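Chain by chain, the residues run as shown.
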Amino acid sequence: MQKKIKKLSEIGISKNQVVYVHRGRNKILSDFFLSQCIADYNYDFRGLKRLKIFNKPFHLVKSFLTAFEIERAKFYLLEGGLFIPLGFYLKILNPQSKIIFNIADPTLALFSNNIFARFKYHLKIRFLRFFDIYLSNSMNVCEELTKITKNKSQIYHYYLNLFDKKIKVPTMKSKTNVILFLITRPTETGLTKGLDVFFK
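Remember, it's a predicted structure, so these values are computed and weren't measured experimentally.

Visitor: Describe the environment of I11, listing the residues and the values that go with them.
Guide: Structurally, I11 can be placed in the loop between β1 (3–5) and β2 (18–22). The exposure class of I11 is partly exposed, given its relative accessible area of 24%. As a C-alpha pair, I11 and Y156 span 145 residues in sequence and 9.3 Å in three-dimensional space. If we ignore the near neighbours within four places in the chain, the residues touching I11 are I5, I133 and Y156.

Visitor: Let's hear about helix α1 (residues 27–34): which residues, and what values?
Guide: Among the residues making up α1, those that are buried are L29, S30, F32 and F33. Take α1 and look down its axis: the buried residues cluster within an arc of 160°, on one side only. Residues of α1 that are buried sit in contact with β2, β4 (75–79), β5 (98–102), β6 (133–136) and β7 (155–158).

Visitor: Go over a nonpolar patch on the surface with me, naming the residues and quoting the values.
Guide: The grouping of L48, L51, I53, F54 and F58 at the surface amounts to a nonpolar patch, some 480 Å² of accessible area in total. Structurally, F58 can be placed in helix α2 (residues 55–69).

Each value, and the rule that gives it
- Position labels on residues start from 1 in each chain and follow its written sequence.
- Restriction of local features to residues with pLDDT of at least 70 applies here, the model being predicted, together with a cutoff of 80 or more for giving and counting side-chain atom pairs; totals for whole chains, interfaces and linings are based on all residues.
- Side-chain numbers come from the whole structure's heavy atoms, not from hydrogens or water.
- Numbering of helices and strands starts at the N terminus; helices are DSSP runs of H or I of at least 4 residues and strands are runs of E of at least 2.
- Only protein chains enter the calculation, and the probe is 1.4 Å; a residue is then buried if its accessible area is under 20% of its type maximum, exposed if over 50%, and partly exposed in between.
- Any pair of residues with heavy atoms lying within 4.5 Å of one another is described as a contacting pair.
- Taken from the helix axis, the directions to the C-beta atoms give the arc we talk about.
- Each patch groups residues whose relative accessible area exceeds 30% and which form no salt bridge, using 9 Å between like charges and 5 Å between nonpolar side chains of Val, Leu, Ile, Met, Phe, Trp and Tyr.
- Using the Shrake-Rupley algorithm and a 1.4 Å probe, accessible areas are obtained, with residue cover drawn only from the displayed protein chains.
- Every case where a carboxyl oxygen of Asp or Glu lies within 4 Å of a side-chain nitrogen of Lys or Arg is listed as a salt bridge.

Set out below in structure tokens:
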């Protein structure tokens with residue numbers, strides 16, 4: 001069962017022990033974790049538009065090289081599915097370090113039921129099991145993590161106040177209501193994080 005926390009210090013992790021690796025696309029999320037880490041490393045991989053077939057191997061190579069660039073730390077806080085290969089490499093290079101994996105994107109989503117999609121999903125799960133601590137601001141994700149990870153006692157749900165007071169949200173009177181939430185990227189991506197919690 002997942003536990004609720006407001007900051008990493010509640011689970012015995014101090015600021016000077018954590019290196020935060022992220023894409024920097026979500027200012028609210030980045031600021032929240034940057035205040036709890038001694039250093040951060042901005043990493044992104046957008047891929048090739050015309051030669052998409054090479055994106056996967058290029059991503060694996062870049063993750064491998066990046067693992068050597070990042071400074072040594074007791075904890076590595078990684079954000080999102082893009083960092084699964086990097087987390088795996090960091091774990092191999094630093095077996096004494098612990099990987100804190102923050103799922104703030106559709107990492108666990110299975111968008112198709114074809115053989116390739118299922119293979120990719122199960123491969124992702126296998127790599128995720130190498131990590132030590134799991135975070136998410138989504139209760140749905142936390143519940144899913146309890147089914148697929150071995151460290152069930154190391155799953156933590158954190159809360160972020162993502163909605164500006166000026167934003168008017170309709171009262172939810174029925175579960176049958178359907179909400180279409182539109183945003184522009186990348187400046188407003190923070191508004192989609194944790195919607196399943198907000199409307200629960």
